[in-house]
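Each chain, letter by letter, is given below.
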Amino acid sequence: MMMDSTNPDNAASLTEQVTIPRKLQQQADEVQDHAWIEVIQRMDEIYADMVHYQVELEKKNAQLEEAQNFIQSVVSAMSEVLIVCDINGNIQQVNDALCNSLGLQAELLIGQSMNQLFGENYQAMIAEFPEHIRSGTLIDCEVELLARDGQAVPMAINCNARFDFENKLSGLVITGRPLGELRKAYSALQVAHEELKTAQQQLIQSEKMASLGRLVAGVAHELNNPISFLYANMFALKGYQKKFQQYIDAIHGGAEPKKIQKLREKLRIDKMMNDISPLVEGSMEGAERVSQIIANLKKFSTPQLQKAEPMDLVAVIHRAVSWVLQAAPISIEVHEDLPSSLKIDNHEGHIHQILINLVQNALDAMLQTEHPELTLKLDHQGQQIQLHIIDNGHGLEEKDLLKVFDPFFTTKAVGVGTGLGLSISYGLATEQCRGDLQARQHPGGGAEFILTLPLEDGA
Ligand SMILES: Nc1ncnc2c1ncn2[C@@H]1O[C@H](COP(=O)(O)OP(=O)(O)O)[C@@H](O)[C@H]1O
Ligand SMILES: [Mg+2]
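Since the structure is predicted, the reported quantities are computational estimates derived from the model, not experimental observations.

1. Regarding the site of ligand 1
Next up, step 1: With respect to spatial proximity, 20 residues lie near ligand 1, and among them Thr 410, Thr 411, Lys 412, Thr 418 and Leu 422 are the closest.
Next up, step 2: Here Asn 361 contributes a side-chain N or O atom positioned 2.8 Å from an oxygen atom of ligand 1.
Next up, step 3: In isolation ligand 1 exposes 540 Å². Once the protein is present, 95% of that is buried.
Next up, step 4: Those elements that provide at least two residues to the shell around ligand 1 are helix 10 (348-365), helix 11 (421-432) and strand 12 (447-454).
Next up, step 5: Of the residues assigned to the shell around ligand 1, the class counts are 9 nonpolar, 9 polar and 2 charged.

Shown next, in the form of structure tokens:
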């Protein structure tokens, strides 16, 4: 229906009609303003939050960067090599130490399989790493890594599991230390040690030869006894042979029994017959003694890589004393407080050498003594025995008590002393014979050396 505006009724109602929407419009405007204000306020809030988050984020970023720099600096400062891999063995990170020792670039390694870093012989072992890691075993082993030029770089490595922030297994971390330098140093040390051992052996041997030189007269005297005994016996037997010949010739010549009987008495055939057996036995004993002395001499003079064997300590003491004192330019009174024999397990040759050195030193110290006396005493100390060798020579000064065991310490004239006897004897006593050697001034004047040895074989 069309509205007629010229009609006054229609006009009033129109005014009414217009007034109502205006109010509404006003109300609507008010609501709209309010909404806008709210929106703007919300936006303000959101903006403020965003600024706040932005600041927080920047702070966190700075912290993260700092933490990353810190970790990076630690990783690059590590002298140990570091390889970080994912659970499939693909490299995620390596450090400078690894790159430097292999001559490789970190960027080229990231994402590659770690297997390519290891030598061929270690591939099987490396292949098992992820499995070991899953079962939680820490791997500690020696491997060879491959440098860029193909050279093998030996390393001692450790392989550990790596977990993420949710504590889930996420890979493995390998740390390692190059063994090359360590190995080189170790083998150089070993070579030096071997050389030192050889030099020591040579020193022991040459000192032995030097004492043997001084001992020659003593040993010759030792040999002289049985040899002169043998010689006298042989001389007697030769005389007997002549008489036997004469007697046999008479028998074969057909002489009368009475004459033969007379000749038998004259030539003392029966006495000779009785003598033959002791003469032969005595000669055999002499020959035995000679071969024993020679065996001892050989035992003493040849270098010995011996093992401990049963030996009679008292017999060795007697032998050493006799070898030294037989050749002495002075006569020495020897007092012995020793059992007739004492069986121990030890190195006879070494003990012989120690005793010869000690007795020789005692003799040297007593050359000017009016009544030189040497005392040898053995006593037990639990499972050990102690041999005391006491002289009444010029003795030891307090300041020299420890120095006497130093190599090349000697108070003797050049050519007489080498200064090696006691240092070698000390080494033999403590290292080879499981014992000890000590020196002290004897209360009665003179020096006392105490050789301690184990009673039983400790080997
Ligand atoms: N029984 C002793 N009495 C006094 N001094 C001794 C005795 N034994 C060793 N010494 C001293 O110890 C030094 C070192 O002895 P040693 O090592 O055997 O070398 P060397 O006999 O060649 O001098 C001797 O020079 C001496 O001064
Ligand atoms: Mg000496």
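2. As for the packing of aromatic side chains
Next up, step 1: A complete count under the given rule lists 2 aromatic pairs for this structure.
Next up, step 2: Taking the centre distance of 5.3 Å and the plane angle of 50° together, the rings of Phe 405 and Tyr 426 count as tilted. Placement of the pair is Phe 405 in the loop between strand 10 (384-391) and helix 11 and Tyr 426 in helix 11, with a sequence separation of 21 residues.
Next up, step 3: The exposure class of Phe 405 is buried, given its relative accessible area of 14%.
Next up, step 4: Aromatic pair Phe 405 and Phe 449: ring centres 6.4 Å apart, planes at 75°, arrangement edge-to-face. Pair noted here: Phe 405 is in the loop between strand 10 and helix 11 and Phe 449 is in strand 12, with a separation of 44 residues, a long-range link.
Next up, step 5: An aromatic cluster is present here, built from Phe 405, Tyr 426 and Phe 449 joined pairwise through their rings.

3. What about helix 10?
Next up, step 1: With 18 residues, helix 10 extends 26 Å between its outermost C-alpha atoms, agreeing within 8% with the 26 Å of an ideal straight helix rising 1.5 Å per residue.
Next up, step 2: Along helix 10, 17 of the 18 residues are buried, which leaves the element largely enclosed by surrounding structure.

4. Looking at the pairing of strand 3 (residues 139-146)
Next up, step 1: The alternating pattern of strand 3 places Ile 139, Cys 141, Val 143 and Leu 145 on a buried face and Asp 140, Glu 142, Glu 144 and Leu 146 on a face that is not buried.
Next up, step 2: Judged from the 8 bridges that link them, strand 3 and strand 4 (residues 152-163) form a sheet pairing that is antiparallel. Paired with Asp 140 across the strands is Asn 158, a residue of strand 4.

5. Overview of the nonpolar core
Next up, step 1: Membership of the largest hydrophobic core comes to 55 residues, with the highest contact counts inside it found for Leu 313, Ile 344, Ile 351 and Leu 355.
Next up, step 2: The element best represented in this core is helix 9 (residues 313-326), accounting for 9 residues.
Next up, step 3: Sequence-distant contacts of Ile 344, that is, excluding residues within four places in its chain, are made with Glu 309, Pro 310, Met 311, Leu 313, Ile 351, Ile 385, Leu 453, Pro 454 and Leu 455.
Next up, step 4: Residues Cys 85, Tyr 122, Cys 159 and Leu 172 belong to the second largest nonpolar core, which totals 28 residues.

6. Notes on the sheet that holds strand 1 (residues 81-86)
Next up, step 1: Across the sheet, which stays open at both edges, the 5 strands sit in the order 2-1-5-4-3 with antiparallel pairing between neighbours. The two strands at the open ends of the sheet, each matched to only one other strand, are strand 2 (91-94) and strand 3. Across this sheet, the average inter-strand angle for adjacent strands is 30°, counted without regard to direction.

7. Quick notes on the pairing of strand 4
For a regular strand, the rule is simple: side chains alternate between the two faces of the sheet.
Next up, step 1: Connecting strand 3 to the next strand, strand 4, in antiparallel fashion are 5 residues, including Gly 150 with a positive phi near 90°.
Next up, step 2: As paired strands, strand 4 and strand 5 (residues 169-178) are joined by 9 bridges and run antiparallel to one another. Looking at the pairing, Ala 156 lines up with Arg 177 of strand 5.

What counts and what doesn't
- Residues numbered from 1 in each chain as written.
- Chains lettered and ligands numbered in written order.
- Predicted model: local features only at pLDDT ≥ 70, side-chain atom pairs only at ≥ 80, totals over all residues.
- Heavy atoms only, no water.
- Near = heavy atom within 4 Å.
- Polar contact = N/O pair within 3.5 Å; in protein donor to acceptor, adjacent residues only side chain to side chain.
- Areas by Shrake-Rupley, 256 points an atom, 1.4 Å probe, with all protein chains shown as cover.
- Helix = DSSP H or I, 4+ residues; strand = E, 2+ residues; numbered from the N terminus.
- Nonpolar A, V, L, I, M, F, W, Y, C, P; charged D, E, K, R; others polar.
- Phe/Tyr/Trp six-rings, centres within 6.5 Å; stacked < 30°, edge-to-face > 60°.
- Buried < 20%, exposed > 50% of the residue type's maximum accessible area, 1.4 Å probe, protein only.
- Expected span 1.5 Å × (residues − 1).
- Pairing = 2+ DSSP bridges.
- Core = buried A, V, L, I, M, F, W, Y, C linked by side-chain atoms within 4.5 Å.
- Contact = heavy atoms within 4.5 Å.
- Axes fitted to C-alpha atoms, helices over the stretch in contact; angles between N-to-C directions.

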